[in-house]
Number of protein chains: 2
Amino acid sequence: MFQNRDHKWVYLFQDGHATMKNLLGGKGANVAEMRHAGLPVPPGFTITTEACLGYLEYDGQFPEGMWSQTQAALKEVEKAAGKTFGNVDDPLLVSVRSGAAISMPGMMDTVLNLGLNDETVEGLAKISGSRRFALDAYRRFIAMFGHIVMGVDTEKFDRVLNRFKAQTENGRDTDLSEAQLSEIIEAFKLIVFSDRKGDDFPQDVFDQLRMAISAVFASWNTRRAVDYRRLHRIPDDLGTAVNVQAMVFGNLGWDSGTGVCFTRNPSTGEKVLFGEYLLNAQGEDVVAGIRTPQPIAELVHDLPEVYQQLTEVTKKLERHYGDMQDIEFTIERGVLYLLQTRTGKRTGPAAVRIAVELVDEGVLNPQSAVMKVDPVQLDQLLHPMVDPDADVTILTTGLPASPGAATGQVVFDPDEAEKLSAEHHIILVRHETSPDDFHGMAAARAILTARGGMTSHAAVVARGMGTPCVVGAGDLHIDYEKGTLAVNDYEIKRGDWITVDGSTGNILLDKVPTRQPELGGYFDTLMNWADSFRRLGVRANADNGHDATVARQFGAQGIGLCRTEHMFFGDERLALMRQMILADDLAGRKQALDRLLPIQRHDFIEIFRVMDGLPVTIRLLDPPLHEFLPNFDELQMELAQLKLSMQQSNQFTEIDQILREIWEKEQLLRRVEMLREANPMLGHRGCRLGLVFPEVTRMQATAIFEAACEAASTGITVLPEIMIPLVSTAAELENQRQIVKEIAQEVLGAHGMVLKYMIGTMIELPRAALTADQIATHADFFSFGTNDLTQTTFGLSRDDSGRFLPHYISNKILPEDPFQVLDQSGVGELVEIGVTKGRKSNPGIKIGICGEHGGEPKSVAFCDRIGLNYVSCSPFRVPIARLAAAQAALMHSQDYMKQFEGLEKQRL
Amino acid sequence: MFQNRDHKWVYLFQDGHATMKNLLGGKGANVAEMRHAGLPVPPGFTITTEACLGYLEYDGQFPEGMWSQTQAALKEVEKAAGKTFGNVDDPLLVSVRSGAAISMPGMMDTVLNLGLNDETVEGLAKISGSRRFALDAYRRFIAMFGHIVMGVDTEKFDRVLNRFKAQTENGRDTDLSEAQLSEIIEAFKLIVFSDRKGDDFPQDVFDQLRMAISAVFASWNTRRAVDYRRLHRIPDDLGTAVNVQAMVFGNLGWDSGTGVCFTRNPSTGEKVLFGEYLLNAQGEDVVAGIRTPQPIAELVHDLPEVYQQLTEVTKKLERHYGDMQDIEFTIERGVLYLLQTRTGKRTGPAAVRIAVELVDEGVLNPQSAVMKVDPVQLDQLLHPMVDPDADVTILTTGLPASPGAATGQVVFDPDEAEKLSAEHHIILVRHETSPDDFHGMAAARAILTARGGMTSHAAVVARGMGTPCVVGAGDLHIDYEKGTLAVNDYEIKRGDWITVDGSTGNILLDKVPTRQPELGGYFDTLMNWADSFRRLGVRANADNGHDATVARQFGAQGIGLCRTEHMFFGDERLALMRQMILADDLAGRKQALDRLLPIQRHDFIEIFRVMDGLPVTIRLLDPPLHEFLPNFDELQMELAQLKLSMQQSNQFTEIDQILREIWEKEQLLRRVEMLREANPMLGHRGCRLGLVFPEVTRMQATAIFEAACEAASTGITVLPEIMIPLVSTAAELENQRQIVKEIAQEVLGAHGMVLKYMIGTMIELPRAALTADQIATHADFFSFGTNDLTQTTFGLSRDDSGRFLPHYISNKILPEDPFQVLDQSGVGELVEIGVTKGRKSNPGIKIGICGEHGGEPKSVAFCDRIGLNYVSCSPFRVPIARLAAAQAALMHSQDYMKQFEGLEKQRL
């Protein structure tokens with residue numbers, strides 16, 4: 001091929017196509033597409049990636065015919081631009097850019113203004129009416145070309161330039177005189193000559209072009225590019241294309257100009273042109289900020305025809321790309337050119353409004369509109385968000401544990417937080433939180449902790465309450481005694497204002513304006529479309545009536561995970577729970593359980609009422625019992641303190657009192673020590689508790705079925721699904737199922753009720769997934785607990801991973817945090833095994849997922865692909881999951897893909 | 001079938017066959033086989049399991065033809081026995097027994113002496129010469145039949161019997177007179193009559209037989225039998241057979257008798273008859289111990305012909321069953337009958353000797369001999385064992401952590417143990433051990449701890465030293481201060497003698513005689529055969545030269561796991577390790593590592609020397625770093641203590657000193673707290689250390705390659721295999737492999753050496769097995785770390801499982817402790833996935849296993865079946881693994897199975 005001179009090595013932009021990305025590279029394909037859309041793009045051509053491979057294979061020789069095809073293409077460009085390459089009077093200048101199929105740092109970027117030499121620079125001076133401009137362009141070109149193409153160290157040019165700048169009044173580029181610029185040009189040429197041992201800076205414009213093309217080809221094999229490909233597993237035999245494009249100038253008079261423009265308002269989504277421009281200026285002038293740009297609407301007065309053209313072009317663009325565009329344009333002597341267009345970034349509310357309105361306008365169909373909105377952006381519609389236009393100072397970034405932004409005054413003590421909250425906006429800041437801090441957390445506008453992960457106490461409670469929360473912000477140095485919070489170079493005192501952004505994890509200095517969420521029309525329309533496309537059910541994880549209410553408002557179709565242990569926190573309950581755990585025998589345990597029973601029953605009734613007609617999955621007690629007991633270290637310190645105060649006391653009655661306290665604390669300490677575990681994550685928890693203490697399972701089952709009967713008797717439709725946690729072997733489930741069934745018969749019998757209910761299990765251990773065929777014979781449903789499954793599959797404790805997981809992610813050992821995005825090749829493989837085996841022995845089994853991943857779009861797509869029945873996530877993630885599920889269903893449906901292709905073609 | 005009267009429902013013993021177990025049940029097939037071997041078995045017949053199913057299906061009706069076939073068979077039995085059923089002068093009595101294909105409690109067991117009634121009892125009196133005997137047999141029969149067949153409560157008979165016994169002088173059965181027995185018989189008949197509402201105790205012997213057969217059939221469906229089948233997943237449609245067999249009597253004069261006999265000495269294996277007998281007696285008399293039985297050798301004087309016959313029968317038996325037999329026999333009027341024969345239990349040494357000698361005698365071929373020895377029994381040949389003939393008192397039982405038995409005096413303090421060990425045999429008893437106790441452990445004859453599991457510090461160190469050790473003996477209450485050890489009802493004081501049996505986990509009161517191990521001839525012969533059959537390689541886990549030497553002596557073909565972290569314990573090393581961990585920066589860490597390097601290098605040289613020519617797999621640092629630091633709780637207590645003493649002090653210099661100590665301890669405490677992990681098992685350990693601190697990997701790799709070069713330069717053949725632990729993703733291995741390769745090049749280059757080495761990984765996390773195809777592209781070998789893989793697959797911490805695992809096993813939630821016997825359906829599934837995927841992307845990869853399972857026979861068989869290259873286990877388990885591997889290879893080789901069948905047939 002490389003020796004076939006008739007082979008096509010060069011494509012004019014109008015001859016390329018969007019589908020030819022491998023041959024023309026990303027940039028080349030993109031500009032070809034713009035041409036096809038009828039957009040005014042400066043003329044140019046692309047030299048193919050094949051030519052690059054030939055060049056590399058034949059040791060730096062262009063393939064046969066490539067150069068002559070390049071020259072021919074250049075002739076076409078000259079025709080289109082009305083200028084001639086190397087012509088002294090009106091020279092065509094070009095840019096030369098690399099463009100691989102995959103964008104890749106480390107490769108040659110861009111050479112601008114190629115075609116300038118000692119003669120054409122005068123031509124440019126003439127037609128631009130500014131000799132200074134032409135000389136400045138020339139000296140920039142020599143340095144750029146000298147460095148990028150000829151390999152001269154940039155610093156050498158900079159050193160000379162700086163010496164000249166030092167001679168001016170203000171020491172700026174713009175202060176250099178024409179004379180100085182001429183001197184600089186000569187000096188730069190000399191640098192090139194001396195550095196390259198006698199090679200002059202090329203005055204022949206075709207030499208310039210040939211050398212630039214060669215340099216782009218060669219940059220494919222620079223060390224940085226090769227390393228990058230190795231790291232990202234990009235094949236080495238793709239090669240890069242080269243794009244040669246005519247330069248256009250916005251500074252050739254007052255009928256020229258330059259600007260940037262969004263086709264709609266990216267903040268609100270409103271359908272108006274949004275952006276700014278400067279007449280008789282180059283892009284650099286806009287960036288330098290010397291002149292103030294005009295709002296785009298003014299253009300209608302300055303250049304009405306161009307404004308009209310821009311309005312039409314933006315319509316065409318949106319119709320072509322099916323989305324709001326962010327464009328760069330230049331006007332050269334009254335002619336509009338588009339330099340770049342890309343899909344514009346926007347806020348969540350804008351994204352929703354734009355997608356819906358594009359359907360109204362007939363640009364998109366509802367399927368495409370659903371595909372256009374990033375589900376994660378919906379979060380901005382559900383929570384207050386930091387005003388995107390605000391200036392902020394980021395103090396540090398932690399884990400975004402519960403979304404939304406809130407501004408308030410820092411308080412470190414939960415009691416104080418509660419006391420002050422009536423009259424102040426409080427941000428509660430703690431090392432980490434415990435059940436004892438609940439009242440302070442409930443009183444706070446936002447919660448911030450230095451330790452803990454996405455499932456720490458603070459994170460879980462905050463998500464439940466919908467309070468913004470950032471956890472694990474390791475940079476914080478909190479001193480409770482001094483009442484200060486040191487973070488990087490700042491010291492925040494009790495009472496100082498900060499802003500917590502739970503959507504991003506950012507902690508911001510001082511008050512920051514926030515925007516209230518707006519739901520309504522556009523949102524509802526989009527979500528209705530989404531619901532009509534998705535296959536996955538979407539449920540919520542909710543542990544109480546309040547959360548359940550929120551979940552239902554957001555469209556949850558049931559509760560996928562109700563964690564009963566969260567019901568045991570709170571003063572009275574915790575005391576009873578401790579009494580149960582500390583009991584010496586069955587009788588003692590039963591006494592405590594009997595008092596817990598009505599409390600649990602009451603909680604369940606509330607949830608059943610809210611979820612009337614929808615299923616509620618209730619997980620039996622899961623965490624190790626010592627989680628309900630006081631902290632061992634703290635107890636030990638308290639004990640040491642007591643002993644110390646006894647030593648110091650000399651009052652008999654006081655000593656007596658202390659001795660009794662010591663005795664009690666020692667008893668408690670002993671029990672806490674007995675229950676301590678080396679690895680509580682892998683310890684005596686989940687159904688293992690119910691196996692050893694069946695009375696706990698019995699109490700919980702009794703509470704569930706009594707609550708169900710009571711709710712049902714008031715006309716509520718109750719659909720309880722009892723879930724046995726942490727099963728690793730079928731026999732465990734068989735045992736617990738038997739107990740629950742017996743209680744169900746007993747309670748329903750006593751109430752004379754008939755009630756449909758299910759008993760199933762969480763699949764959250766590798767062994768459960770591997771033996772799902774055996775387990776499924778005892779289960780009406782599976783729910784994959786992918787949090788724990790990720791922990792055991794990776795052998796990775798979420799609580800401890802902070803010490804090395806960030807290192808892993810920044811060094812690309814792991815592509816993402818597997819606790820946030822489901823690891824499809826490891827954990828996902830187990831989920832697939834579990835689904836396949838489970839359905840094999842029990843084809844009708846209902847299967848869902850209830851880990852944090854249930855509200856993460858990529859993970860939702862995975863769940864759709866492997867055919868789960870539903871996902872379950874925290875209430876505020878329900879809309880995200882609904883949209884992500886719709887996108888997944890559309891992506892995985894061939895019909896849609898065909899239709900979508902058709903739509904794209906129709907628009908072209 | 002059930003209505004076909006020509007269908008064969010009844011088989012005479014001589015018509016049955018060993019292969020007809022499903023039809024004739026286990027007992028029926030077995031007795032048929034004895035008949036075929038030409039052994040003198042009392043005549044009888046078996047009614048088939050089919051007949052039982054017919055009876056159950058047709059609501060308690062015998063299938064057509066069954067009863068007439070039973071009567072016909074009985075006629076044959078009468079002929080063979082020379083007695084007639086129901087005959088008044090010389091009545092044939094029979095036993096009726098159930099016999100399902102699978103032995104099953106809860107089913108009807110045995111009715112003896114069926115055929116007795118008011119008339120035949122007199123015949124029995126006449127021929128036995130003892131009316132008392134006949135009456136006694138009759139009253140027993142009525143009670144047995146009344147209870148088992150007619151369902152009368154046993155207590156009713158007992159109450160009457162006890163009243164009569166109370167009238168005798170000594171209150172014993174044997175004191176009852178003939179008159180009393182007659183009265184009892186009448187009373188028993190009355191009980192049956194009244195209890196069964198008018199059904200008399202059947203005098204018709206055929207009624208007796210019919211009723212007994214029906215009762216056996218019906219017992220298949222008793223509640224207990226059904227529950228048992230459900231629990232053990234035995235199908236319900238197997239049914240039970242019924243065996244009817246002529247009774248023989250050893251008490252019909254001085255030419256009659258009864259006895260038990262082993263065909264060889266079960267303690268030593270020597271080829272002599274071993275057992276005892278009583279003339280003119282029944283089995284009951286032997287059990288009752290009223291008369292002292294004679295050694296079997298005496299029989300040659302009492303009944304020379306019978307003795308001769310017995311000698312011949314035992315030869316035949318061994319030839320037939322291919323093994324030493326344990327038989328029960330009865331002599332009735334000079335005729336020898338075998339009542340039962342089964343393979344006899346024996347000690348390990350006896351098992352080996354018998355198997356080898358049976359080959360010498362042409363009874364077995366070497367393959368069969370290898371199959372006959374239980375690998376676990378080899379342990380007895382390698383360690384001192386408790387004399388099996390000794391009387392012992394078991395104080396309690398813990399986990400058998402390191403095999404062998406040792407007797408010694410209890411000491412609680414390691415320093416004291418070291419001091420006293422020169423002149424005393426010491427047993428070191430601790431709550432649990434730590435690296436600080438090492439000197440005391442090394443000085444002890446055995447180690448006993450109250451806490452800890454099979455991989456606790458005590459267990460690992462003891463196994464390494466070959467010291468007997470029992471851990472986790474939870475019943476022990478140790479009081480260090482008082483110097484006492486309370487266990488159940490005993491209190492052991494410091495200096496008291498106890499015996500620790502590390503093979504069984506038993507703790508025995510006082511001194512107990514032990515036997516020294518004997519290896520040599522028989523053992524070597526058997527192991528040579530085993531080695532010639534096995535496919536799996538066998539390696540050892542060894543961390544130092546001593547262990548490696550032992551391993552090599554026991555036939556290890558390399559080291560499969562050398563745990564480098566064990567090299568960091570010991571005073572100087574631990575201090576350096578702590579220095580490394582506590583260092584604030586890379587420079588500090590490097591300083592400590594530089595000093596650790598020569599120490600590690602020295603250790604490696606020693607191991608390479610011992611293993612000259614064999615591969616050595618060295619695992620890089622694995623445990624979390626805080627394992628090398630002092631205990632957090634203890635530090636905290638020490639700190640509290642220091643503060644207390646400061647409060648109490650009033651001397652400035654002292655306070656100064658204490659303040660400094662407090663400061664240092666607080667520094668240490670802070671670091672220890674920082675490194676503490678919620679779940680260290682799932683924390684920052686394994687290759688995660690090497691990823692974050694590559695300097696640790698570099699130091700270890702340098703030590704390995706420098707040691708290899710040094711050893712190689714003295715003519716040693718070094719085959720190092722560097723193993724990266726706890727890999728969960730291919731990128732981790734790729735990273736660490738790169739570091740090790742760079743060091744290898746560097747060190748080998750500097751030494752001008754060429755050396756073959758491998759780099760591989762442990763597969764010990766589910767994700768590693770699931771993504772083994774990706775990982776294998778960076779690995780020369782895999783070693784499955786099934787200890788950790790079991791922990792993560794089950795989500796089960798070995799350290800914490802003690803709280804519920806015993807409950808699980810005793811309640812059959814789990815069949816076995818998965819840390820001892822590999823869980824094939826869960827963990828094993830992952831191993832298979834790992835092997836399949838690993839070989840797919842890297843067909844030549846070497847794969848082994850190095851968890852505790854590598855020395856457990858069932859697990860070894862699994863490894864053979866799935867085609868691993870080798871297993872690795874602790875040195876003392878190497879012979880067990882060699883034998884188990886041979887058995888597995890034979891079992892899995894079809895050729896062998898055919899040959900074995902041929903051999904069996906030839907012997908028949």
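Details of the structure are given in the entry above.
No experiment lies behind these values; they were computed from the predicted model shown.

Please explain the sheet that holds strand 11 (residues 325–332) of chain B as it appears in this structure.
Picture the strands of a sheet paired through backbone hydrogen bonds; they go either parallel or antiparallel. Residue and element names in this part refer to chain B. An order of 10-9-8-11-12 is seen for the 5 strands of this open sheet, with the pairing classed as antiparallel. For this open sheet the edge positions go to strand 10 (294–295) and strand 12 (335–343), each flanked by a neighbour on one side alone. Of the pairings in the sheet, the one linking strand 11 to strand 12 comprises 8 bridges and is antiparallel in character. Residue pairing for strand 12: Phe329 is matched across the bridge by Leu338. This element, helix 12 (residues 304–321), spans strand 11 and strand 12 of the sheet and lies at about 30° to strand 12.

Which parts of the structure should I look at to understand the interface of chain B and chain A?
How big an interface is tends to be reported as the loss of accessible area on association of its parts. The partner chain A presents 59 residues to the 59 residues of chain B that form the contact. Taken over both partners, the interface formed by chain B and chain A buries close to 5100 Å², and the fraction arising from carbon and sulfur atoms is 54%. Counting the surface chain B buries against chain A, the share from its top three residues, Leu682, Arg767 and Arg803 of chain B, is 13%. Where chain B meets chain A, there are 6 salt bridges. In this structure, Asp823 of chain B engages Arg767 of chain A in a salt bridge whose closest nitrogen and oxygen atoms are separated by 2.6 Å. One can count 32 residue pairs in polar contact (both at pLDDT 80 or more) joining chain B with chain A.

I would appreciate a short explanation of the nonpolar core in the present structure.
Nonpolar side chains in soluble globular proteins tend to end up buried together. With 285 residues, the main nonpolar core has Phe608 of chain A together with Phe608 of chain B as its most contacted residues. Considering every element that reaches this core, the biggest residue donor is helix 26 (residues 694–713) of chain A, with 11 residues. Contact partners of Phe608 of chain B, with chain neighbours within four places excluded, come to Val616, Ile618, Ile704, Ala707, Ala708, Ala711, Ile716, Val718 and Pro720 of chain B.

How should I be thinking about the relation of the copies chain B and chain A in this particular structure?
To go from the first copy of the chain to the second, apply a rotation about an axis and then a shift along the same axis. When chain B is fitted to chain A, the best match, at an RMSD of 0.3 Å, comes from turning it 180° and sliding it 0.0 Å along the axis. The transformation relating the two chain copies, once decomposed into turn and shift, fits a two-fold axis. Of the C-alpha atoms belonging to chain B, the one lying closest to the rotation axis is found on Asn679 of chain B, 2.2 Å away.

Looking at this structure, how should I read the packing of helix 22 (residues 586–610) of chain A against helix 26 of chain A?
Residue and element names in this part refer to chain A. For the pair helix 22 and helix 26, interaxial distance at closest approach is 8 Å and the crossing angle is 30°. The handedness of the crossing between helix 22 and helix 26 comes out as right-handed. Together, Leu586, Arg589, Lys590, Leu593, Leu596, Leu597, Gln600, Arg601, Phe604, Ile605 and Phe608 of helix 22 and Glu695, Val696, Met699, Gln700, Thr702, Ala703, Ile704, Glu706, Ala707, Ala708, Glu710 and Ala711 of helix 26 make up the contact between the two elements.

What is the right way to read the pairing of strand 33 (residues 870–873) of chain B from this model?
The two faces of the sheet receive side chains in turn, since in a regular strand these alternate between them. Residue and element names in this part refer to chain B. Across the two faces of strand 33 the burial is the same, with Tyr870 and Ser872 and Val871 and Cys873 all buried. When strand 26 (residues 537–541) meets strand 33, the two strands line up parallel, connected through 4 bridges. Residue pairing across strands places Gly537 opposite Tyr870, the latter belonging to strand 33. Note on the crossover from strand 32 (residues 846–849) through helix 33 (residues 857–865) to strand 33: the handedness is right-handed.

How do you make sense of the sheet that holds strand 20 (residues 477–479) of chain B when you look at a structure like this?
Residue and element names in this part refer to chain B. Read from one edge of the open sheet, 3 strands run 20-21-22, paired in antiparallel fashion. Whereas interior strands pair on both sides, the edge strands pair on one side only; in this sheet they are strand 20 and strand 22 (490–493). Within the sheet, the average angular offset between the axes of one strand and its neighbour, ignoring direction, is 20°. Both strand 21 (residues 484–487) and strand 22 contribute to a ladder of 4 bridges, which runs antiparallel. Directly across from Leu485, in strand 22, lies its bridge partner Ile492.

Could you clarify how one ought to interpret helix 20 (residues 545–553) of chain A in this entry?
Turn by turn, an α-helix covers 3.6 residues, leaving residues three or four places apart pointing in a common direction. All names here are of chain A. Of the positions making up helix 20, those classed as buried are Gly545, Asp547, Ala548, Val550 and Ala551. N-capping of helix 20 is provided by Asn544, with a side-chain oxygen placed 3.2 Å from the backbone N of His546. Backbone geometry just after helix 20 places Gly555 at a positive phi near 100°.

Explain unusual backbone geometry here, please?
At Arg333 of chain A, a residue that is not glycine, the phi angle is positive and equals roughly 45°. Residue placement: Arg333 of chain A occurs in the loop between strand 11 (325–332) and strand 12 (335–343). With a phi close to 45°, Asn280 of chain B is a non-glycine residue in the positive phi region. Mapped onto the secondary structure, Asn280 of chain B falls in the loop between strand 9 (274–279) and helix 10 (283–288).

Which parts of the structure should I look at to understand the pairing of strand 9 (residues 274–279) of chain A?
Residues and elements named next belong to chain A. Where strand 8 (residues 257–262) lies against strand 9, 6 bridges are found, and the strand directions are antiparallel. By the bridge assignment, Gly257 is partnered in strand 9 with Leu279. As defined by bridge partners, strand 9 adjoins strand 10 (residues 294–295) across 2 bridges and the pair is classed as antiparallel. Looking at strand 10, one finds that Glu276 is bridged to Pro295.

Please explain the environment of Gln340 of chain A as it appears in this structure.
The residue Gln340 of chain A is located in strand 12 in this model. Residues Gln340 of chain A and Val31 of chain A lie 309 residues apart in sequence; the distance between their C-alpha atoms is 8.2 Å.

Can you help me understand helix 23 (residues 632–648) of chain A in this one?
Residue and element names in this part refer to chain A. Here helix 23 contains 17 residues, and its C-alpha end-to-end distance of 25 Å stays within 8% of the 24 Å for a straight helix at 1.5 Å per residue. Where helix 23 is concerned, the buried positions are Phe632, Asp633, Leu635, Gln636, Leu639, Ala640, Leu642 and Leu644. One side-chain oxygen at the N-terminal end of helix 23 lies 3.0 Å from the backbone nitrogen of Glu634; it belongs to Asn631.

Quick notes on the rules
Residues numbered from 1 in each chain as written. Chains lettered and ligands numbered in written order. Predicted model: local features only at pLDDT ≥ 70, side-chain atom pairs only at ≥ 80, totals over all residues. Heavy atoms only, no water. Pairing = 2+ DSSP bridges. Helix = DSSP H or I, 4+ residues; strand = E, 2+ residues; numbered from the N terminus. Contact = heavy atoms within 4.5 Å. Axes fitted to C-alpha atoms, helices over the stretch in contact; angles between N-to-C directions. Buried area = accessible area lost by both parts, 1.4 Å probe. Salt bridge = Lys/Arg side-chain N within 4 Å of Asp/Glu carboxyl O. Polar contact = N/O pair within 3.5 Å; in protein donor to acceptor, adjacent residues only side chain to side chain. Core = buried A, V, L, I, M, F, W, Y, C linked by side-chain atoms within 4.5 Å. Buried < 20%, exposed > 50% of the residue type's maximum accessible area, 1.4 Å probe, protein only. Least-squares fit on C-alpha atoms with pLDDT ≥ 70 in both. Left-handed = near helix turned anticlockwise from the far one by under 90°. Right-handed = clockwise from strand over helix to strand, strands pointing away. Expected span 1.5 Å × (residues − 1).

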